[in-house]
Amino acid sequence: PTTGSHILVYVTSGFNSLLGQLQEFPREQFLVYGYERSDAQGPCQFRPFSRDGFLKDLAGAKAVIATAGFTQIREALYLRKP
């Protein structure tokens, strides 16, 4: 793992309020998984699911925001990602 410049966001659809909140941080770069999109909106870059891409982005993130369950939390803790 490394400490990159992006924040990994893994959410499922229905969290549009969170996406709105992320827009308030234009200096950050958010790599967003879970929406099956591949476009950008402000500081959010949407990524379609890719196991290799997700693991690479997770390993290089400076932080993680997720609505996922225990497994995602465990992976973030193992990689020392806040």
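Preceding this section is the structure that the text describes.
Quick summary incoming for the structure in this document. These figures come from a predicted structure and were not determined experimentally. (Residues numbered from 1 in each chain as written. Predicted model: local features only at pLDDT ≥ 70, side-chain atom pairs only at ≥ 80, totals over all residues. Heavy atoms only, no water.)

## A look at the pairing of strand β4 (residues 44-47)
Item 1. Every second residue of β4 is oriented toward a common face, the buried set being Cys-44 and Phe-46 and the non-buried set Gln-45 and Arg-47.
Item 2. Both strand β2 (residues 29-33) and β4 contribute to a ladder of 4 bridges, which runs parallel. Its bridge partner lying in β4, Val-32 is registered against Phe-46.
Item 3. With 2 bridges joining them, strand β3 (residues 40-41) and β4 adopt antiparallel strand pairing. Note on β4: the bridge partner recorded for Gln-41 is Cys-44. (Buried < 20%, exposed > 50% of the residue type's maximum accessible area, 1.4 Å probe, protein only. Helix = DSSP H or I, 4+ residues; strand = E, 2+ residues; numbered from the N terminus. Pairing = 2+ DSSP bridges.)

## Brief notes about the environment of Leu-77
Item 1. The residue Leu-77 is located in helix α3 (residues 70-78) in this model.
Item 2. Leu-77 sits in the exposed class, given a relative accessible area of 63%.
Item 3. Each C-alpha atom of the pair Leu-77 and Val-64 lies 9.9 Å from the other, and the pair is 13 residues apart in sequence.

## Remarks on the sheet that holds strand β1 (residues 6-10)
Adjacent strands of a sheet pair through backbone hydrogen bonds, lying either parallel or antiparallel.
Item 1. Ordered by their spatial adjacency, 5 strands build an open sheet running β3-β4-β2-β1-β5, and the pairing between neighbours is mixed. For this open sheet the edge positions go to β3 and β5 (63-66), each flanked by a neighbour on one side alone.
Item 2. Helix-sheet contacts for helix α2 (residues 51-59) involve β1, β2, β4 and β5, and the interaxial angle to β1 is about 130 degrees. (Contact = heavy atoms within 4.5 Å. Axes fitted to C-alpha atoms, helices over the stretch in contact; angles between N-to-C directions.)

## Quick look at α2
Item 1. Residues Phe-54, Asp-57 and Leu-58 constitute the buried set of α2. Relative to the axis of α2, the buried residues are bounded by an arc of 100 degrees and lie together on one face. Away from the buried face of α2 by more than 90 degrees, exposed residues Asp-52 and Lys-56 are located.
Item 2. In this fold, the buried residues of α2 make contact with β1, β2, β4, β5 and α3. (Arc of directions from axis to C-beta.)

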